[in-house]
Amino acid sequence: MKVLRIAGGAMTPFNRRKDGSSWRDWCLAAFDEALRDAALEVADVDALVVASESDFFSLQLNPAAMIADALGLHGIRVQRVEGGGATGHLAVQAGAALVAAGLARRVAVLGFEASASHLDGASVGALYSLSYDAWSEGESGIGSAAIYALSARAWMAETGATEADFARVAARNRQNARHNRFAHLPLDVTEADVRASAAVATPYRRLDCSPLSDGAACVILAAPGDLPAGAGRARLAGMGVANDRVRLGDRAAPGRFFAKRVALRAALGQAGCALSDVGLAEVYDSFSGAQLQALDALGLTDDVLAAERAGHFTAEGALPVNLSGGLLGQGAPVGATGVAQVLAAAQQLEGRYHGLRPAVPPRFALVDTHGGIATLCAVSILEAPR
Amino acid sequence: MKRSLRLDYTLPKGRLAPHFDALAEGRALAWRCVCGHVAFPPGLTCVACGARDGQWIELGGTARVEHRTDTPEAAWALARFDGADTAVMVRIKTPELTTSRGHLVPPEEDAGLWLALEETEDENRSVRRLE
């Protein structure tokens, strides 16, 4: 694949907006800051890929055209990408594909979602339940938490994972988020706090669940020759996507996120790196148990539970995971989520991440995102600038 | 700025309509592929062999709960219906019961599959109910 750099990027704070600002304001802020970070001008951008999960949240159909207009981009290639929770990450890969195919030279990938402030939580929950099979699960009144809980139950039964394991993840990601000035939930909470929080869907409690957030994030993708800074930024080295059966009951093992492994193999093959070369990961922790299920599926260690209990995934561990705080800590404005994951991983590899960092930046980082319940899985491998 | 939408959809179920029509009556209509794989709920393509041909068959409507989650208001489960090769998400009609077998009943306030659990773990009870 053509060498492709993440030329720059930026994100707004992820939170529940109470300041009267609009999603168009957030998009403008993330885009302008990303251009500054990449040392580029608006006129340098020849394609815009917008990531937005649902017009039910923005109440704007064809949002890509509207955003391009708001940003002062005209007469260029504009498109929108969607894939449930994976929307932002899929948009990054779609933008990269435009560069790789020679259809654009400098692509802005801009993700946003107004998941928190536009609608009440119950309405958002009802819409999210349509992310599964809307004709079966979606009609039964079940919410995301209960669907994830059923998958977690299956994984617990197979592996011996406990609620304490989930609570450790939930508390750690919130603690990680305390170093991240853009985070929605930078909470000083312990495992005991997680286990004492209100029951949502057994085994999950309130603090096991990621929040609904507002916000935007943007990255600029280009080949090194098309960038003023040349090769000084992280390389998007490998990209994979794979899907699984939509309904959990149709899967051979409803606790295992098999499609992630398929996507990972494709990404590793392109990147020309081995799984053991990956030294940092941002994974999709929409629920605490889902983080462990993701790590299990990705096969980043032989025994994920033993590794989790031994501190393998902490900032000081062999494979730091979700130093941004993940969805649990940083937040989850859906379209922006995957873009922000890629941005965090890139800045970690460049040694300039603003939040919690490992002692030494690794050479390779992994980004994992999914829609549904590991139904549509995107994995990317990023490489440090050399 | 405030904005309110009320959307009343009409959603034809097409080839899968017989399954949904049966569910409304509390009957479990599954799809048996030409390869013998029984899908409940049915899909348009067989997961086992990729074929699209087959026929509707009616299951007895009894099921075993494989995994369960309880929310403050309700309970759901992944359950496997007797005679089906796939499991399915069901809403539990009787969340106060924690038994593992039940039978399909017509949906209540929400659509979808509703499972009434047996009062005891008597393995024969659900079979007798069919008679």
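Colleague: Help me out: how do you make sense of the overall build of chain B in this one?
Modeller: Each helix and strand counted, chain B has 2 helices and 8 strands in total. In chain B, the succession of helices and strands from N to C terminus is α-β-β-β-β-β-β-β-β-α. When its C-alpha atoms are laid out on the principal axes, chain B stretches across 60 × 40 × 25 Å. Looking at chain B as a whole, 47% of its 131 residues are labelled buried. A total accessible area of about 7300 Å² is found for chain B, and carbon and sulfur atoms account for 49% of it. Between the centroid of the 17 positive side chains of chain B and the centroid of its 20 negative side chains there is a distance of 6 Å.

Colleague: Quick question: what am I supposed to make of helix α13 (residues 334–349) of chain A here?
Modeller: Given 3.6 residues per helical turn, the α-helix brings residues three or four places apart onto the same face. All names here are of chain A. A rise of 1.5 Å per residue sets the reference length of α13, with its 16 residues, at 22 Å; its end C-alpha atoms lie 24 Å apart and thus fit the reference within 8%. Most of α13 sits out of view: 16 of its 16 residues are buried. Two residues or fewer after α13 comes G351, characterised by a positive phi angle close to 70°.

Colleague: When you look at the sheet that holds strand β2 (residues 38–39) of chain B in this model, what are you seeing that I'm missing?
Modeller: Backbone hydrogen bonds hold the strands of a sheet together, and the pairing may be parallel or antiparallel. Residue and element names in this part refer to chain B. On the basis of which strands lie adjacent, the open sheet formed by 3 strands has the order β2-β1-β3 and antiparallel pairing. Bordering the open sheet on either side are β2 and β3 (54–59), each of which pairs with just one other strand. Bridge count for strand β1 (residues 28–33) against β3 is 6 bridges, and the pairing is antiparallel. Directly across from W31, in β3, lies its bridge partner W56.

Colleague: It is not clear to me how the pattern of salt bridges should be interpreted in this structure. Could you clarify?
Modeller: Two side chains that carry opposite charge are able to pair once their charged atoms sit near each other. All names here are of chain A. In total, this model carries 29 salt bridges over all chains according to the counting rule given. Salt-bridge contacts for R36 lead to E33; the nearest nitrogen and oxygen are separated by 3.0 Å. Highlighted residues: R36 and E33, both in helix α1 (residues 23–38), separated by 3 residues, approximately one helical turn. Close ionic contact of D133 with R247 constitutes a salt bridge, the shortest N to O distance being 2.6 Å. Taken as a pair, D133 in the loop between α5 (121–128) and α6 (144–159) and R247 in the loop between β8 (235–243) and α9 (258–271) lie far apart in primary sequence, 114 residues in all. Overlapping salt bridges, with partners in common, bring together D165, R168, R172, E308 and R309 in one network.

Colleague: What is the right way to look at the side chain of Q330 of chain A in this model?
Modeller: All names here are of chain A. Tracing the sequence through the fold places Q330 in the loop between α12 (326–329) and α13. By relative accessible area, Q330 is classed as buried at 4%. Residues contacting Q330, with those up to four places away along its chain left out, are M11, F14, A177, N180, F182, A183, H184, S324, G325, A340 and Y353.

Colleague: Would you take a moment to explain the interface of chain B and chain A for this structure?
Modeller: Bring the parts together and some accessible area is lost; that lost area is often taken as the interface size. Facing the 28 residues of chain B at the interface are 26 residues of chain A. Between chain B and chain A the total buried area reaches about 2300 Å² when both faces are included, carbon and sulfur atoms providing 66% of it. Taken together, the connections running from chain B to chain A amount to 0 salt bridges. On the surface where chain B and chain A come into contact, there are 5 residue pairs in polar contact (both at pLDDT 80 or more). Counting only elements with at least two residues in the side of chain B that touches chain A, the list comes to β4 (62–70), β5 (75–81) and β6 (87–92) of chain B. The class makeup of the residues in the side of chain B that touches chain A is 17 nonpolar, 5 polar and 6 charged.

Colleague: Quick question: what am I supposed to make of the layout of surface pockets here?
Modeller: Over the atoms, a rolled probe matching the size of one water molecule traces out where space is still vacant. The space that makes up the second largest pocket amounts to roughly 290 Å³. Lining the second largest pocket are 18 residues; nearest its centre among them are D133 and R247 of chain A together with L16, P42 and G43 of chain B. For the lining of the second largest pocket, the class distribution of residues is 9 nonpolar, 3 polar and 6 charged.

Colleague: Would you mind showing me how to read the side chain of T337 of chain A here?
Modeller: Structurally, T337 of chain A can be placed in helix α13. Filtering out sequence-adjacent residues up to four positions away, T337 of chain A remains in contact with Y284, L327, G331 and A332 of chain A.

The rules behind each value
- Residues numbered from 1 in each chain as written.
- Chains lettered and ligands numbered in written order.
- Predicted model: local features only at pLDDT ≥ 70, side-chain atom pairs only at ≥ 80, totals over all residues.
- Heavy atoms only, no water.
- Helix = DSSP H or I, 4+ residues; strand = E, 2+ residues; numbered from the N terminus.
- Buried < 20%, exposed > 50% of the residue type's maximum accessible area, 1.4 Å probe, protein only.
- Areas by Shrake-Rupley, 256 points an atom, 1.4 Å probe, with all protein chains shown as cover.
- Lys, Arg positive; Asp, Glu negative; His and termini not counted.
- Charge placed at Lys NZ, Arg CZ, Asp CG, Glu CD.
- Expected span 1.5 Å × (residues − 1).
- Pairing = 2+ DSSP bridges.
- Salt bridge = Lys/Arg side-chain N within 4 Å of Asp/Glu carboxyl O.
- Contact = heavy atoms within 4.5 Å.
- Buried area = accessible area lost by both parts, 1.4 Å probe.
- Polar contact = N/O pair within 3.5 Å; in protein donor to acceptor, adjacent residues only side chain to side chain.
- Nonpolar A, V, L, I, M, F, W, Y, C, P; charged D, E, K, R; others polar.
- 1 Å grid on protein atoms, 1.4 Å probe; cavity = no way out; pocket = protein on both sides within 12 Å on 5 of 7 lines; lining within 4 Å.
- Points joined across faces, edges and corners; volume = space filled by probe spheres on them.

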